[in-house]
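One-letter residues, chain by chain:
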Amino acid sequence: MAVELNSLLTEESTSAAKPQAVAKADKHIWGIFIALCIISIIELYSASSREVASSSIGVLGPIIRHLVMLLGGFVLVWFFSKRHYSYFIPFSIGFAVISVAMMLYVMFFGDYVNGARRSLTLLGIGIYPAEMVKISAVLLIALVMTWNQNPKDIGITSRGVVYSGLIVLGLSGLLIEQGLTNTLLLLAISYSMMIIGGVKVLHLLALTGFYALCGAMFIGYLYFTEVREIPADAEQKTELVTVDDGTKRESRLSTWMARLDRHNSDSVPKWEIPATGKNRQEILSYMAQANGGIYGVGPGNSREASRLPLAFSDYIFAIVIEEIGLIGGLVVLMLYLWLLGRASGIASHCNRTYPALMVMGMAVMIAFQALFHMGIVSGVFPVSGQPLPLISKGGTSIVVTALAFGIMLSVSRTATRQGNKKQEIRDELESLPEQFRDENRMQL
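Residues numbered from 1 in each chain as written. Predicted model: local features only at pLDDT ≥ 70, side-chain atom pairs only at ≥ 80, totals over all residues. Heavy atoms only, no water.

1. Examining helix 8 (residues 180-196)
Here is the rule: Helix and strand assignments come from DSSP, with helices taken as H or I runs of at least 4 residues and strands as E runs of at least 2, each series counted from the N terminus. Helix span, expected: 1.5 Å multiplied by one less than the number of residues in the helix. Using a 1.4 Å probe on the protein chains alone, a residue whose accessible area is under 20% of its type maximum counts as buried, one over 50% counts as exposed, and one in between counts as partly exposed.
A rise of 1.5 Å per residue sets the reference length of helix 8, with its 17 residues, at 24 Å; its end C-alpha atoms lie 25 Å apart and thus fit the reference within 8%. Across the 17 residues of helix 8, twelve count as buried, placing the element largely inside the fold. Three or more residues of helix 8 are buried, namely Thr181, Asn182, Thr183, Leu185, Leu186, Ile189, Ser190, Tyr191, Ser192, Met193, Met194 and Ile196. Immediately beyond the C-terminal end of helix 8, within one or two residues, lies Gly198, with a positive phi of roughly 90°.

Shown next as structure tokens:
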């Protein structure tokens, strides 16, 4: 008996001495992040040839700047992945306030880019708050939907739907001046989060009607009033109209309508349309993709990178297909879809609603932005500007995408999984405010 007792005490002391396993972030998400960074470095080197030719920054200037931004993004991903997901509750509100303040500043005092006020300069660095607003929408919707969980059924209350709709409407009002695509992307992200969160169909239909009414009123306002004079030295990429005094001025509505008409024109096949000042980007983009074929011409051998405007940002997917072909383009597409599927798996095993909404919202934002970019470049959607996450050049886009990856990795590491020990579940509950302790009842 004494021997058995000593053996039991020895086993207990040995197990107590063993260090507790530290939860690790999801390897798949880390792998996707690294893979996209590698593709970005390879393709951006070719896509920046036009920028190199038009400036004195040197051959390695653009790629070195991009490497620095990717390294900064990696540090952000690592930093946020080490935080507990409850850290993002106060962070979300503060980040959203800063994003909205920057956006309001840009609307009135921002720098002109492609015919509209889109950026501000801080310490010599250009910042595009529109990218920040999109992730702010995900953070705020996750908060509101968690606060307004239906206690008796799956989904959120009607009050939660109203609050979420007002947030989306307010942020859309800030984004619409930047371009219609950003607004549509925000709507797609918000609808996806609401569907995943279990919002009732009738509530979604009512919200859609409300959005349609607001959109019709805004279009009517633009039709009767929106003609703005722009500075003579601003880079002009929008349609101009002539007012009574003979001055050429900008009209966003005319720009949108011209792009839709050009996209929906079926009278001439795309390969027979001559390149003009208005369609030069899209035509050269199609030429680059056709030149790539199935297998591509090889990294660094792009023919159109030196001619295609914005090859390093809004049209980088065309260079990807030209150099690594349709097969390479499909691999890039599968990386974003893989991210979405992996996030869905993580969300379905979270005990709490908040981390599940967070990880899905971030993945949906990245995947949808990638799909919008690919659709625009390939001619499925009308022409507009949308960066390809982590691959396109752009500091703000890289920072925002890195933040999204960091949040997903944080959830994968710190959100208690279903079936874990009761003590771990109690520890998780104690780390959360009362409003964030509802069980995850989302159907994924």
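2. Observations regarding the packing of aromatic side chains
As a reminder, the rule being used: Two aromatic rings from Phe, Tyr or Trp, using only the six-membered ring of Trp, form a pair when their centres are within 6.5 Å; if the ring planes differ by under 30 degrees the pair is stacked, by over 60 it is edge-to-face, and anything between is tilted. Cation placement over rings: the criterion is NZ of Lys or CZ of Arg within 6 Å of the ring centroid and within 35° of the ring normal.
In this structure the tally under the stated criterion is 17 aromatic pairs. For the pair Trp30 and Phe33, a centre-to-centre distance of 6.1 Å together with 80° between the ring planes defines the contact as edge-to-face. Note that Trp30 and Phe33 are positioned in helix 2 (residues 27-47) at a spacing of three residues, about one turn of the helix. An aromatic cluster of at least three residues, connected via ring pairs, comprises Phe79, Phe80, Tyr87, Phe88, Phe91 and Phe95. In this structure, Arg83 is placed above the aromatic ring of Phe79, and the distance from its NZ or CZ to the ring centre is 4.4 Å. Lying over the aromatic face of Phe312, Lys393 brings its terminal NZ or CZ to 5.1 Å of the ring centre.

3. A short note on the pattern of salt bridges
Note the following rule: Basic side-chain nitrogens of Lys or Arg form a salt bridge, by our definition, when they fall within 4 Å of a carboxyl oxygen of Asp or Glu.
Counted by the stated rule, this structure contains four salt bridges. We note a salt bridge from Glu131 to Lys134, for which the minimum N-O separation is 3.3 Å. In this pair, Glu131 and Lys134 are both assigned in helix 6 (residues 129-147), three residues apart and thus about one turn of the helix distant. With a relative accessible area of 10%, Glu131 lands in the buried category. On the accessibility criterion, Lys134 (0% relative accessible area) is buried.

4. A few points about the packing of helix 12 (residues 316-348) against helix 13 (residues 353-378)
The criterion, for reference: Note on geometry: axes are C-alpha line fits, over the in-contact stretch for helices, and angles between N-to-C directions span 0 to 180 degrees. For classification purposes, an angle smaller than 35 degrees is called roughly parallel, one larger than 145 roughly antiparallel, one from 65 to 115 roughly perpendicular, and anything else oblique. A clockwise turn of the near helix away from the far one marks a right-handed crossing, whereas an anticlockwise turn of less than a right angle marks a left-handed crossing. Whether two residues are in contact is decided by their heavy atoms: any pair within 4.5 Å suffices. Classification convention: Asp, Glu, Lys, Arg as charged; Ala, Val, Leu, Ile, Met, Phe, Trp, Tyr, Cys, Pro as nonpolar; all other residues, Gly among them, as polar.
Packing of helix 12 against helix 13 brings their axes to within 9 Å, and their N-to-C directions diverge by 160°. Comparing the axis directions of helix 12 and helix 13 gives the class roughly antiparallel. The chirality of how helix 12 crosses helix 13 is left-handed. Listed contacts from helix 13 to Ile316, Phe317, Ala318, Val332, Leu333, Tyr336, Leu339, Leu340, Ala343, Ser344, Ile346 and Ala347 of helix 12 are Ala356, Val359, Met360, Ala363, Val364, Ile366, Ala367, Ala370, Leu371, His373, Met374 and Val377. Its residues placed into classes, the contact of helix 12 with helix 13 shows 22 nonpolar, two polar and no charged.

5. Focus: the nonpolar core
For clarity, the threshold we go by: To form a nonpolar core, buried Ala, Val, Leu, Ile, Met, Phe, Trp, Tyr and Cys residues must be joined to one another through side-chain atoms within 4.5 Å.
In this structure, Tyr336, Phe405 and Met408 are the most contacted members of the largest nonpolar core, which totals 106 residues. Counting residues per element, this core draws most heavily on helix 13, which supplies 15 residues. When near neighbours in sequence (up to four residues on either side) are disregarded, Tyr336 contacts Leu36, Ile366, Ala367, Ala370, Met374, Leu388, Pro389 and Ile391.

6. Focus on helix 13
Taking 1.5 Å of rise per residue, 26 residues should cover 38 Å, and helix 13 covers 37 Å from first to last C-alpha, within 8% of that figure. Along helix 13, 23 of the 26 residues are buried, which leaves the element largely enclosed by surrounding structure. Just beyond helix 13, the residue with positive phi is Gly379, at close to 90°.

7. Remarks on unusual backbone geometry
Phi is positive for Leu390, which is not a glycine, with a value near 70°. For Leu390, the location among the structural elements is in the loop between helix 13 and helix 14 (395-414).

8. Observations regarding the side chain of Ser397
With respect to the helices and strands, the residue Ser397 is situated in helix 14. A relative accessible area of 6% means that Ser397 is categorised as buried. If near-sequence neighbours (up to four positions away) are discounted, Ser397 is found in contact with Glu131, Gln369 and Pro387.

9. Structural notes on the sheet that holds strand 1 (residues 111-113)
For clarity, the threshold we go by: Two strands make a pair as long as DSSP finds a minimum of two bridges between them.
Pairing in this open sheet of three strands is antiparallel, and the strands run 1-2-3 from one edge to the other. The outermost strands of the open sheet, each flanked by one partner alone, are strand 1 and strand 3 (125-127). Neighbour-to-neighbour, the strand axes of the sheet open up by a mean angle of 50°, direction not taken into account. Helix 5 (residues 88-109) rests against strand 1, strand 2 (116-122) and strand 3 of the sheet, and its axis sits at about 115° to strand 2.

10. Details of the layout of surface pockets
Rules: We place a 1 Å grid over just the protein atoms. Points where a 1.4 Å probe fits but has no way out form a cavity, open points with protein on both sides within 12 Å along at least 5 of 7 lines form a pocket, and any residue with an atom within 4 Å of a point lines it. Grid points are joined across faces, edges and corners, and a volume is the space filled by probe spheres set on the points.
One number sums up the size of the second largest pocket: a volume of about 420 Å³. Lining the second largest pocket are 17 residues; nearest its centre among them are Ile176, Thr183, Cys214, Gly215 and Phe218. Those elements that provide at least two residues to the lining of the second largest pocket are helix 7 (158-175), helix 8 and helix 9 (201-225). Counting residues per element, the lining of the second largest pocket draws most heavily on helix 9, at five residues.

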